[in-house]
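# Descriptive analysis of the structure
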Amino acid sequence: LGFLGVSLIFFMFIIIVYRGIKISMEAENMFGSLLALGLTTLIGLQAVVNSAVVMGVVPTKGLVLPFISYGGTSMVMSLFAVGVLLNISSRRET
């Protein structure tokens with residue numbers, strides 16, 4: 001994909017993390033807020049660690065890039081995390 005493709009993918013991860021933090025701050029209760037923050041951190045940290053491994057900054061850890069790298073279980077858990085984030089988002093007061 002080249003530089004533009006990689007930039008687009010990382011921009012999308014930044015959007016996911018930004019929206020997750022926003023959902024966390026606007027959640028109705030403390031449990032929803034902490035759950036949203038934890039799931040956002042899970043996705044964001046996996047993306048950061050995977051990029052660091054690919055750049056050669058840290059040794060290999062075995063973490064996949066969420067939504068991109070091949071792996072059925074990782075994909076299912078990433079989609080589950082986003083589903084829970086959407087559920088927390090839909091239950092907030094407007």
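To be clear, the structure that these remarks concern was listed above.
Residues numbered from 1 in each chain as written. Predicted model: local features only at pLDDT ≥ 70, side-chain atom pairs only at ≥ 80, totals over all residues. Heavy atoms only, no water.

What follows concerns the overall build of the protein. A count of helices and strands for the protein gives three helices and zero strands. Taken along the three principal axes of its C-alpha coordinates, the protein extends 45 × 25 × 20 Å. With 94 residues in all, the protein has 29% of them scored as buried. Here the protein has roughly 6,600 Å² of accessible surface; of this, 73% comes from carbon and sulfur atoms. (Helix = DSSP H or I, 4+ residues; strand = E, 2+ residues; numbered from the N terminus. Buried < 20%, exposed > 50% of the residue type's maximum accessible area, 1.4 Å probe, protein only. Areas by Shrake-Rupley, 256 points an atom, 1.4 Å probe, with all protein chains shown as cover.)

The next point concerns helix H1 (residues 2-25). The end-to-end C-alpha distance of H1 is 35 Å, a good match for the 34 Å that 24 residues give at a rise of 1.5 Å each. Tucked into the core, H1 has its buried residues touching helix H2 (30-55) and helix H3 (72-90). (Expected span 1.5 Å × (residues − 1). Contact = heavy atoms within 4.5 Å.)

Okay, unusual backbone geometry next. Despite not being glycine, Phe67 shows a phi value in the positive range, around 70°. When its relative accessible area of 24% is taken as the criterion, Phe67 is described as partly exposed.

Close contact between H2 and H3 brings their axes to 10 Å; oriented N to C, the two are set at 145°. Here H2 and H3 pass one another in a crossing that is left-handed. Of the residues in H3, those touching H2 at Gly32, Leu35, Ala36, Leu39, Thr40, Ile43 and Gln46 are Ser78, Ala81, Val82, Val84, Leu85 and Ile88. A class-by-class count of the residues in the contact of H2 with H3 yields nine nonpolar, four polar and no charged. (Axes fitted to C-alpha atoms, helices over the stretch in contact; angles between N-to-C directions. Left-handed = near helix turned anticlockwise from the far one by under 90°. Nonpolar A, V, L, I, M, F, W, Y, C, P; charged D, E, K, R; others polar.)

Our focus in this paragraph is the side chain of Gln46. Of note, Gln46 is situated in helix H2. The class for Gln46 is buried, based on a relative accessible area of 16%. Residue contacts for Gln46: discarding those within four places in its chain leaves Leu63, Val64, Pro66 and Ser78.

On the surface, Ile21, Met25, Met30, Leu34 and Leu37 cluster together to form a nonpolar patch covering roughly 530 Å² of accessible area. At the level of elements, H1 and H2 are the ones that each hand at least two residues to the nonpolar patch. Structurally, Met30 can be placed in helix H2. By relative accessible area, Met30 is classed as exposed at 58%. (Patch = residues over 30% accessible without salt bridge, like charges linked within 9 Å, V, L, I, M, F, W, Y side chains within 5 Å. Salt bridge = Lys/Arg side-chain N within 4 Å of Asp/Glu carboxyl O.)

Once that is clear, we can look at the side chain of Ser24. Relative to the elements of secondary structure, Ser24 occurs in helix H1. The class for Ser24 is buried, based on a relative accessible area of 6%. A polar contact is formed between the side chain of Ser24 and the backbone oxygen of Ser33, at a distance of 2.8 Å. Every residue in contact with Ser24, bar those within four places of it in the chain, is listed here: Ser33, Ala36 and Leu37. (Polar contact = N/O pair within 3.5 Å; in protein donor to acceptor, adjacent residues only side chain to side chain.)

Coordinates in, geometry out; function isn't part of it.
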